[in-house]
Each structure stands twice: as C-alpha cells, then as structure tokens.
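So you can see what is in the structure, the chains are spelled out below.
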Amino acid sequence: CAAPPVACDMAALPMSSRVISARLRSSALALSTRAVRHTSILTRPRRRDEQSRAPRTEAISSRKDLVDSNRIVVKLGTAVITRSQEFAECGLALSRLASVVEQVSELLLTGREVIVVTSGAVAFGKQRLLYESLLSQTVRQTLKTNLRPPEIEPRACAAAGQSGLMALYEAMFNQYSVGCAQVLVTKPDFKSQDNKDNLRTTLESLLKMGIVPICNENDAMAPKPQEDGDLAGVISLSDNDALAAMIAVEMNADLLVILSDVPGIYSRPPGDADAVLMHTFRPGCDVIHFGAKSRVGRGGMEAKVKSAEWALRNGCAVVIADGHEPLALTRVVEGQKVGTFFTLSETQSVQVQDLARTARSASRRLASLTSEERGQIITNLAVLLKERSDVILAANRADIDAANKDGMETALVSRLVLSEEKLDGLATGLNQIAKGSPLGRITSRMELTEGLVLEKETVPIGVVLMIFEARPDALPQVAALAISSGNGLLLKGGSEASRSNKALFDCVRAALAPFGVEESCALVEDRESIADLLQLTEVIDLVVPRGSGEMVRKIQSQTKIPVLGHAEGVCHIYIDEHCDLEKAKNIVVDSKCDYPAACNAAETLLVHQSHMDTGFLNKLITLLQRNKVGVHVGPKLGATLPLPQAKNMKTEYSSLNITVEIIPSAKDAVQHINTHGSGHTDVIVTENNDTAAYFLQQVDSACVFQNASSRFADGFRFGLGAELGVSTSRIHARGPVGVEGLLTTKWRLVGNGHTAAMMSGGNLEFTHRRLPLPEQ
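Residues numbered from 1 in each chain as written. Predicted model: local features only at pLDDT ≥ 70, side-chain atom pairs only at ≥ 80, totals over all residues. Heavy atoms only, no water.

Student: Is there a simple way to think about the sheet that holds strand β27 (residues 743-750) in this case?
Tutor: Strand pairing in a sheet is mediated by backbone hydrogen bonds. Such pairs are either parallel or antiparallel. Spatial strand order, β27-β14-β13-β28: 4 strands in an open sheet with antiparallel pairing. Strand pairing shows two members of the sheet lacking a second neighbour, β27 and β28 (769-770), which therefore form its edges. As judged from the 8 bridges shared by strand β14 (residues 452-460) and β27, these two strands associate in the antiparallel manner. Within the sheet, the bridge partner assigned to Val-459 lies in β27 and is Thr-744. (Pairing = 2+ DSSP bridges. Helix = DSSP H or I, 4+ residues; strand = E, 2+ residues; numbered from the N terminus.)

Student: I tried to follow a negative patch on the surface on my own but got confused; where do I start?
Tutor: A surface patch of like charges, here negative, comprises Asp-390, Glu-420, Glu-421 and Asp-424. Counting residues per element, the negative patch draws most heavily on helix α15 (residues 420-434), at 3 residues. The exposure class assigned to Asp-424 is partly exposed, which follows from its relative accessible area of 38%. (Patch = residues over 30% accessible without salt bridge, like charges linked within 9 Å, V, L, I, M, F, W, Y side chains within 5 Å. Areas by Shrake-Rupley, 256 points an atom, 1.4 Å probe, with all protein chains shown as cover. Salt bridge = Lys/Arg side-chain N within 4 Å of Asp/Glu carboxyl O. Lys, Arg positive; Asp, Glu negative; His and termini not counted. Charge placed at Lys NZ, Arg CZ, Asp CG, Glu CD. Buried < 20%, exposed > 50% of the residue type's maximum accessible area, 1.4 Å probe, protein only.)

Student: For this particular structure, what's the right way to read the pairing of strand β7 (residues 255-260)?
Tutor: Residues in a regular strand point their side chains to alternate faces of the sheet. Most of β7 sits inside the fold, with 6 of its 6 residues counted as buried. Across 6 bridges, β7 lies against strand β11 (residues 317-322) in parallel orientation. The residue bridging Leu-259 from the neighbouring strand is Ala-321, located in β11.

Student: Is there a simple way to think about the pattern of salt bridges in this case?
Tutor: Oppositely charged side chains can pair when the atoms bearing their charge come close. All chains considered together, the criterion is met by 27 salt bridges. Between Arg-546 and Glu-723 there is a salt bridge, with its nearest N and O atoms 3.8 Å apart. Of this pair, Arg-546 sits in strand β18 (residues 542-546) while Glu-723 sits in the loop between β24 (703-706) and β25 (726-727), and the two are 177 residues apart along the sequence. Judged by its relative accessible area of 6%, Glu-723 is buried. Notably, a salt bridge pairs Glu-603 with Lys-592, separated by 3.0 Å at the nearest N-O pair. You can see Glu-603 sitting in strand β20 (residues 602-608) and its partner Lys-592 sitting in helix α20 (residues 581-593), a full 11 residues away along the chain.

Student: I keep staring at the pairing of strand β23 (residues 681-685) and nothing clicks. Help me out?
Tutor: For β23, the tally of buried residues reaches 5 of 5 residues, placing the bulk of the element in the interior. Alignment of strand β19 (residues 571-575) against β23, held across 4 bridges, turns out to be parallel. Residue pairing across strands places Ile-573 opposite Val-683, the latter belonging to β23. As paired strands, β23 and β24 are joined by 4 bridges and run parallel to one another. When the bridges of β24 are listed, Ile-684 appears paired with Gln-706. A crossover links β23 with its parallel partner β24, the connecting element being helix α25 (residues 689-698), and its sense is right-handed. (Right-handed = clockwise from strand over helix to strand, strands pointing away.)

Student: Mind showing me how you'd approach the nonpolar core here?
Tutor: Soluble, globular proteins show a tendency: their nonpolar side chains are buried together. Core analysis: the biggest nonpolar cluster contains 77 residues, and Tyr-169 and Leu-256 have the highest contact counts within it. With 8 residues, the single largest contributor to this core is helix α3 (residues 94-109). In contact with Leu-256, other than residues within four places in its own chain, are Val-73, Ala-244, Ala-245, Ala-248, Ala-311, Cys-316, Ala-317, Val-318 and Val-319. (Core = buried A, V, L, I, M, F, W, Y, C linked by side-chain atoms within 4.5 Å. Contact = heavy atoms within 4.5 Å.)

Student: In this structure, what is going on with the sheet that holds strand β2 (residues 113-118)? I would like to understand it.
Tutor: Taken together, 8 strands build an open sheet; the order of strands is β3-β4-β2-β1-β7-β11-β12-β10 and the sheet is mixed. The sheet is open, and its two borders are formed by β3 (180-185) and β10 (280-281), each paired with just one other strand. Inspection of the sheet shows β10 paired to strand β12 (residues 340-342) by 2 bridges, in the parallel sense. What sits directly across from Phe-281, in β12, is Phe-342. Each of β1 (71-76), β2, β3, β4 (212-217) and β7 touches helix α8 (residues 240-250); the most contacted strand, β2, lies at about 155° to it. Each of β1, β7, β10, β11 and β12 is contacted by helix α9 (residues 301-313), which is oriented at about 155° to β11, the strand it contacts most. (Axes fitted to C-alpha atoms, helices over the stretch in contact; angles between N-to-C directions.)

Student: Quick question: what am I supposed to make of the side chain of Thr-458 here?
Tutor: By secondary structure assignment, the location of Thr-458 is in strand β14. A distance of 2.9 Å separates a polar side-chain atom of Thr-458 from the backbone nitrogen of Gly-440. A polar side-chain atom of Thr-458 sits 3.0 Å from the main-chain amide nitrogen of Arg-441. Sequence-distant contacts of Thr-458, defined by excluding residues within four places in its chain, comprise Pro-438, Leu-439, Gly-440, Arg-441, Thr-443, Leu-743, Thr-744 and Thr-745. (Polar contact = N/O pair within 3.5 Å; in protein donor to acceptor, adjacent residues only side chain to side chain.)

Student: Just to check I follow, could you spell out the environment of Leu-344 for this structure?
Tutor: Of note, Leu-344 is situated in the loop between β12 and α11 (352-368). Put simply, Leu-344 and Ile-60 are 284 residues apart on the chain and 9.0 Å apart in space, counted from C-alpha to C-alpha. Among residues more than four places away in sequence, those in contact with Leu-344 are Arg-282, Pro-283, Leu-312 and Arg-313.

Student: Would you mind going over the environment of Gly-462 with me for this structure?
Tutor: Along the polypeptide, Gly-462 turns up in the loop between β14 and β15 (463-468). For Gly-462, a relative accessible area of 12% gives the class buried. Put simply, Gly-462 and Gly-486 are 24 residues apart on the chain and 8.0 Å apart in space, counted from C-alpha to C-alpha. Discounting residues that sit within four places of it in the chain, Gly-462 has contacts with Arg-360, Ser-363, Asn-487, Gly-488 and Asp-541.

Student: Looking at this structure, I do not really get the packing of aromatic side chains. What am I missing?
Tutor: To describe a pair of aromatic rings, you give the distance between the ring centres and the angle between the ring planes. Tallying each qualifying case throughout the model produces 3 aromatic pairs. When the ring of Tyr-574 is compared with that of Phe-695, the centres are 6.4 Å apart and the planes differ by 15°; the resulting orientation is stacked. Placement of the pair is Tyr-574 in strand β19 and Phe-695 in helix α25, with a sequence separation of 121 residues. When its relative accessible area of 0% is taken as the criterion, Tyr-574 is described as buried. (Phe/Tyr/Trp six-rings, centres within 6.5 Å; stacked < 30°, edge-to-face > 60°.)

Student: Hey, could you run me through the packing of helix α12 (residues 371-387) against helix α16 (residues 474-485) in this one?
Tutor: The description of two packed helices rests on the angle between their axes and on the distance between the axes. Where α12 contacts α16, the two axes come as close as 9 Å, and the packing angle between them is 165°. By the angle between their axes, α12 is roughly antiparallel relative to α16. α16 is crossed by α12, and the crossing has right-handed handedness. Contacts from Arg-374, Ile-377, Ile-378, Leu-381 and Leu-385 of α12 reach α16 at Pro-476, Ala-480, Ile-483 and Ser-484. Classifying every residue of the contact of α12 with α16 gives 7 nonpolar, 1 polar and 1 charged. (Parallel < 35°, antiparallel > 145°, perpendicular 65-115°, else oblique. Left-handed = near helix turned anticlockwise from the far one by under 90°. Nonpolar A, V, L, I, M, F, W, Y, C, P; charged D, E, K, R; others polar.)

Student: Just checking my understanding: could you explain α16 for this structure?
Tutor: Each full turn of the α-helix corresponds to 3.6 residues, which orients residues three or four apart in the same direction. Given a rise of 1.5 Å per residue, 12 residues ought to cover 16 Å, and the 17 Å separating the end C-alpha atoms of α16 matches this to within 8%. Counting buried positions along α16 yields 12 of 12 residues, so the element is predominantly enclosed. If you check which residues of α16 are buried, you get Ala-474, Leu-475, Pro-476, Gln-477, Val-478, Ala-479, Ala-480, Leu-481, Ala-482, Ile-483, Ser-484 and Ser-485. A positive backbone phi angle near 75° is found at Gly-486, which sits one or two residues after α16. (Expected span 1.5 Å × (residues − 1).)

Student: Looking at this structure, I do not really get the packing of α15 against α16. What am I missing?
Tutor: The geometry of α15 relative to α16 is characterised by a closest axis approach of 10 Å and an angle of 10° between their N-to-C directions. Relative to α16, α15 is oriented roughly parallel. Across the interface between the two elements, Leu-426, Leu-430 and Ile-433 from α15 touch Pro-476, Gln-477, Ala-480, Leu-481 and Ser-484 from α16. Looking at side-chain class alone, the contact of α15 with α16 contains 6 nonpolar, 2 polar and no charged residues.

Structural data, given as structure tokens:
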C-alpha cells in the first residue's frame, strides 16, 4: 500500500528520534515507489445506532459480513512492528508500519472508527537506550569486539520508547490529516469499574472527534507478567493480545484484527509436515496444537487464540492475520479470505481440507463396493433426476432469471439452461455408465518365473476436484463417472448455477446414502476455497476445470496438482477442393449452429481457394448468414470480401460467430490448424482418401474427423455415457474423458518365497511368459 514520504519537525525531536525520522522518510518513499495502489472495494458500513451502541449479543458469523464492521480494533504485535530477525529486538519496521497507518486512514475515510492497540515501545526504547549507552562508552570499551551490549531493564526501555513511538505515529497519521492520541492502561484499570468507565468515556470522545486512539499497556509501571488466568470467563491482562480483546469488548467493537507474523492459525505448529492453515476456526469444535511463541513479544499463538475466543464469546468478531502481508487489514475488512476467521457459526466451521480427506476415506469404501453396487447407485441417480425434475428445473429457472438480471452474456446463459429433454438425456447417459465399470480389471498377466506371477490392475486415481462454470448438467455426469471409477469427488460450480447445482447435488447424495458412501462426494460452495483446494497436493490427485480459457489457465498456474482439460476450444473445419458440396454445407451449419456455446463447436472455417472461383464460398457464407451467424474474415479473404475482419485467427467465439479464411492446400490447412488451433477437434471435408489420410495423420489434435460434424467430439456420442471433459493433454487421457480416464493402474506380484538372490544365483530363470487374462 503506497504511502507518501513522511515529514516532521526534525529540530523538535531528540537525536535518536531524528535518526528514526530520517529512516521513516526513506522507508515510506521506497514503499510508495514500489507498491501498487490497491483499488479498495470498501464502502461505508451499515452503522449501528451511534447514540447508544448496545453490546452485541452475537459476533459477526460470516466473512462476507465483515465489510459491515463499523468499529474496529487493530492489534499490532511486536513481530509486526519490529524489523527482521537480525534486528528483531532493536529497530522498527517503518515501511510496514507506514502501510498499516495508511490502511487505518482509508478505513476512517469510509466512516469507520478504528482503535489501534500497539506493541513496540520496548523495542523502540531499547534501540534508543543502546544508542545512548554506546555514546557513553570509552574509546577502549568501543574498540573491544567481544563486548556484549548492556542488559537494559524492559520497563526502562518502555519508559524511553513510549514518547518516541507516539511521535512516530503522530508523524505518520499527520500525512493523512488524521489525529491520534495516546492511551496508556495498566492491569488495575480493568479491575475497577470506575476506571473502565473512564477509559470508555475517553475512547468514545476520541472516536467521536475522528481521532485514532493508540492504546498500549503502560509497561514502565506494569508488574512483571505472570501466568495468565481464566476465571469465570475473565482474562487477565498479561499481554497486548488480552488488552486488545478487553478493549474490543469494552468498546462494543464489531471486529478485532490481530496482526502477527504468521498467516493465521495452523492445526499444528507451522513447521510440522502435516500442519494445515485454518481459514476458519470454531472454538470448542476445531482442535489445534500449539508450538513455541513468536520470536519477540510476550504473547504467543496460544495467547492470541485465548484472547480471540474470549472476545468472540463476548460478541466481537476476530481475525488473526499476517501483518507482513500487503494490505492485510484492508482485505480482512473487505471479507477476503485472509488469516483465520473465528466464528461460532456451524456453517462456517467446515474446512475444505477436512472435506477432501473425508472424501478420500469414503472413496476407499466406494471402490470396495462391487461393480453391480456402484452401478445401482448410478441407476438410482438417473431415477432421481426424473423424479425431482420439478425441483431441479425450478431452481434452474431461478438461476437463469438471476443471470439475465445481472446481464450475463448470452453464451453463458445458454450453457446454464436445463430442460426436461436435457434431464432425460442425462438419465440415458447415466444408465449407460451403470452397465459396467472397468475398475478392478486385470489388464495384463505375466509369469516372471515359475510360481511368480505379475498382474496389472485398474484402480481409482483417488480424489478429483472438478471446477466448472455455468454447466449444471456436468454435475451428475461427473458424479456418475466418479462413482463408477471409485473416486472421491469435490465439486465447485459457479455461483451463477448455485441453485441448480444444489438441487442436482442433493440427488447425488441421496443416491449414495443407502450404501453409506455419501461423503465420497462433496459440494464446495465457497468461491474463496478454490485457492485452498488447489494447494492440497497430498489429498487431491487430479483437477478438472471446465469453463473459460481464462479460468482454466488461471487454475493451471495456481496449482502443482495435475490438471486435466483444455483452455480453449478453437475447432476448425477444412473444406477441401475434392469435397461433396452438400456434405460440406450440412457439416458446417451443424458444427457451428447446433450448440454454439459448446467447446466442440466450429470456430474457424478454412476453405480451399478453388471454391472462390466456383462461387461455392459465397454460397457457404450466405448460408451461414441465413442461420444468423456473424462471419469474420481472415487477412487473405478480407482482401477480396468487404466483411468484418477477425481480431485474430485463434478466436473462440462460443456464439453464432465464425472466422472464415481461404487456404491454398491441405498441407497449408494442416499447418494453419497446428499453429492456430487448440488441439481440441478439427475436421476435413473431402472425398479424396489420400488427402484425408494425410490430414488425419498430421493434425495434432485430440479428435480429428473426416466428413463428420465437430459436434461428435462428446463423451456421450462416443459411447462413454458421459464425459469428465475433453482433454487436450498428451499424458494419461486425451479427447473426451470417460470412466477409463479416471483410472490408473497398480502392479500386483504374487510369489511363493521368491527372492532376487534366487534369480542371480542361477536357481531360477526369468520366463516372462504372457498369461491369459481372467474372465471379467
């Protein structure tokens, strides 16, 4: 977050403060030159009654509602205030502090009230006193290289650092025309009701004037910290985490943001191999194991969690986030998935990591069912689609109405639509999948030596994550394929189809339930969970994105998990000089107009230049225009026909538009397709078998057709029952991916005490004899 250079009256500051001021100007200037301005979506919150802020009975229960927070307490930990590890206890992180100050100032501009609870006085004072100590040393002492820095009493450091730290805050906030005021408290202040009332009155007065209270424990007067106690739900003031929680509750704050040096709460100490970042934490339900405390400060993660739980149960929402992360505070208030959000709501407590692990465990039970049992689940699903068609279509109509109201593109809306005919087609495809499963089949048997038999068996991949946009009909298809292949499945559909997806997913769960494997399939409804899911390399085995090219490429760039699919569907049709003209017309119209939004619809039409002389090209263009297809010409054709120019030769329209270009030969057509195509589906229309053979051999795409519509590139039409998607990858599966594309293999070796020494010692010899496969 950019911050302007900070200026202050140098003469008015002591020597050590002048050094800090100079560093501040340098750090803030560097920050402003390298940072990218964040376009905040923060708006003025819906305010509670300003005249009487009644204590909250319940804390905000959802991240998306954090944007409505009006009164916010921000706790800055010592690890945020101070510099990196080699300077951990001596020196402030001026750039980081300047960023937080700017974010607080932006919150004030939206009408919010912010109270800052800060650490750092001891670190600031220690730096100042060490500097003074160095100046007081003799030349002899200074020249001693092994001289240790003097031990300085922490309370003395606090006394020396409070004024300098406050001067720093004032200098920073002044750049945004924001006032700030220091409020020092001690533990006895919270034991006296009169003192608490006085504190509340002071803070309310400051907030009413738009001034930011800078609160800190008066460490110069505070007793040495003792073991924290928790009596009758009252926490003791043992660190600034507890202070922030107590101030948040006393001031009826909506949100407490604790900025530390870690991204949030982990299930175990972050250094542990199985530690998982918990974006949502529900006290009493989620379990965490604490490790060592932070490198600096008096608190620690256990103290932060305890303070956060206490504030939460007293009506204040809490987020623990990484103060080193750019714009952490702003993003928390925007409701973005930053840090760990504390909630008492059951709907917010499910972790996507848990969903994935549960799906893996349940998928093993699913794979252990017989092929007939898995087939029965799929048959039940087909029946449920018909029985619940009224509910499904009502939900779909609601999605379509919302999409039209939001101005969604026509091509996306068309992909969203369900109908009785589509549901019947889905049921037919599911019944086809239910007839049999290749899971558990022996694909190879070999005798390695006498009594030692090696077999290769098909097994599930594991857990599949399916991310899809505006295609609710994909949900039952993919679910059926996962069930047949014994895989766990996590489904993340687009918000535009949320109602349809929920209705269809209820059918899937109902079909799985009688066999006790309903947890093998889960629907993820939170969009922000995608980023977390893409990092679960040890739990999720395959990611299948179905949507726009931009979405697919983004997913491919964000994960190390194998991704199966295609980013684009730029399908070509080449009309050869030796073609049947009627076949050509029918194939072109069907490929483009049957379902323009499909990934297997034709996007580019290449026509042999001889058809310009015969007039067939003009007839073909006229035919397309009659079918309401917008024709865009390539550079060669554009030189002779006055039609709109195509933006480029690799455009996927997904609508009633097509690019048309002339081409001199089949060889040039192949070169054009391999250069500008997406490797999805490409078609040649010709009666010359030699030309067709050359085209089918040389075009490097998942599907290559002769004299057939590109719309046949579909799992159902290929007899697969349904498809997971169309893969343009060259590894594992390519083209429409059915059940077999969701299987891998494992080797089984059965012997009778065989050892490698037997083979090398000459007692046995390798036979490597192929054995017949068993009946399956």
